[in-house]
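# Secondary and tertiary structure notes
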Amino acid sequence: MIIDRKEALRYMGLGRNTPDERTLDMNVHRRFTLKVDENDNISAGGLTFHSKNLAKNLTGCGEIIFFAATLGNGVDMLMNRYNKLSIAKAAVLQGVGAAAIEAYCNECQKALEEELKAEGLFLRPRFSPGYGDLPLTIQKEFLDVLAAYKTVGIILSDGGVMLPEKSVTAVMGISSENSRCHIEGCEICGKKDCAYRR
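In this text, all values refer to a predicted model and were calculated from it rather than measured experimentally.

Thresholds, definitions, all that
- Residues numbered from 1 in each chain as written.
- Predicted model: local features only at pLDDT ≥ 70, side-chain atom pairs only at ≥ 80, totals over all residues.
- Heavy atoms only, no water.
- Pairing = 2+ DSSP bridges.
- Helix = DSSP H or I, 4+ residues; strand = E, 2+ residues; numbered from the N terminus.
- Expected span 1.5 Å × (residues − 1).
- Buried < 20%, exposed > 50% of the residue type's maximum accessible area, 1.4 Å probe, protein only.
- Salt bridge = Lys/Arg side-chain N within 4 Å of Asp/Glu carboxyl O.
- Disulfide = S-S within 2.5 Å.
- Phe/Tyr/Trp six-rings, centres within 6.5 Å; stacked < 30°, edge-to-face > 60°.
- Contact = heavy atoms within 4.5 Å.

### Quick word on the sheet that holds strand E4 (residues 47-50)
Spatial strand order, E2-E3-E4: three strands in an open sheet with antiparallel pairing. A single partner strand is all that each edge strand has here, and the edge strands are strand E2 (35-36) and E4. Bridge count between E2 and strand E3 (residues 41-44): two bridges; the pairing is antiparallel. Paired with Lys35 across the bridge in E3 is Ser43.

Structure, rendered in structure tokens:
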């Protein structure tokens, strides 16, 4: 699915207004030195957490990017409105929102890949908290390290849900070896015997 940026901005309630830089750049990322020990403990950015799946995916990586992106509060307000007016339209909006945030994350990832290419480095696909055995419990500390509330307005509710709802957090390994991984991740790739498979 291709998401039209003008249409997305229209749905965010901007109409014909020109969005400011902050609206167009609703992502934050930070690059850290990475350490993975023999027990699959991953250390970066002052955080240490355990994930066998992610440790495998990060094989050969010396650095990592912590990343967060959001579509902003406008989408949440629109979804709340449609939840009261039309459940069918709300369901469609949920799907469009999910596709839009994924498309935006892919766009951000491609830009990061281009930056790293100049250094002779390669980026692994996104790996998000809650995927595989990477615990969702790291989400709060992860957002704190990124200062995500100050930079892009993402908070974590008392129930552990990110707000705005159409938000994504992820890590991406940086390696000197080109794994030729699909930007969409292992689910798209047919190579079942890959050493980096999630």
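### A few points about helix H5 (residues 87-117)
A rise of 1.5 Å per residue sets the reference length of H5, with its 31 residues, at 45 Å; its end C-alpha atoms lie 45 Å apart and thus fit the reference within 8%. For H5, the set of buried residues is Ala90, Leu93, Gly97, Ala100, Ile101, Tyr104, Cys105, Asn106, Cys108, Gln109, Leu112 and Leu116.

### Description of the pattern of salt bridges
The full count for this structure, using the stated rule, is five salt bridges. We note a salt bridge from Lys117 to Glu114, for which the minimum N-O separation is 3.2 Å. In this pair, Lys117 and Glu114 both sit in helix H5, three residues apart, roughly one turn of the helix. For Lys140, the salt bridge identified is with Asp144, shortest N-O distance 3.1 Å. Residue Lys140 and its partner Asp144 are both found in helix H6 (residues 139-145); the two are separated by four residues, about one turn of the helix. Sharing partners across several salt bridges, the network here consists of Arg31, Glu63 and Glu119.

### Topic: helix H4 (residues 73-85)
For H4, with 13 residues, the first-to-last C-alpha span of 19 Å sits near the 18 Å given by 1.5 Å per residue. Gly74, Val75, Asp76, Leu78 and Met79 are the residues of H4 that are buried.

### Notes on the state of the cysteines
This model, assessed by the stated rule, comprises zero disulfides. Cysteine Cys108 shares no disulfide, and the gap to the nearest cysteine sulfur, in Cys105, comes to 6.1 Å.

### Quick notes on unusual backbone geometry
The step from Leu163 to Pro164 runs through a cis peptide bond, and the omega angle for that step is 0°. Structurally, Pro164 can be placed in the loop between strand E8 (162-163) and strand E9 (167-175). Even without glycine at this site, Asp40 takes up a positive phi of about 65°. Mapped onto the elements of the fold, Asp40 is located in the loop between E2 and E3. One non-glycine residue with positive phi stands out, namely Ala147, at about 50°. Among the secondary structure elements, Ala147 is positioned in the loop between H6 and helix H7 (148-152).

### Topic: the packing of aromatic side chains
Counted under the stated rule, the structure contains three aromatic pairs. For the pair Phe127 and Tyr131, a centre-to-centre distance of 5.2 Å together with 85° between the ring planes defines the contact as edge-to-face. Given the relative accessible area of 1%, Phe127 is considered buried. Members of the aromatic cluster, connected to one another through ring pairs, are Phe32, Phe66 and Phe142.

### Description of the environment of Phe66
Inspection of the secondary structure puts Phe66 in strand E5 (residues 61-70). Beyond its immediate stretch of four places on either side in the chain, Phe66 contacts Val28, His29, Arg30, Phe32, Ala44, Leu47, Phe142, Val145, Leu146, Ala170 and Val171.

### So, the pairing of E3
Only one face of E3 is buried: it carries Ile42 and Ala44, and the other face, with Asn41 and Ser43, is open. Hairpin remark: E2 followed by E3, antiparallel, with four residues in the connecting loop; positive phi at Asp40, about 65°. By the bridge criterion, four bridges tie E3 to E4 in an arrangement that is antiparallel. By the bridge assignment for E4, Ala44 is matched with Leu47.

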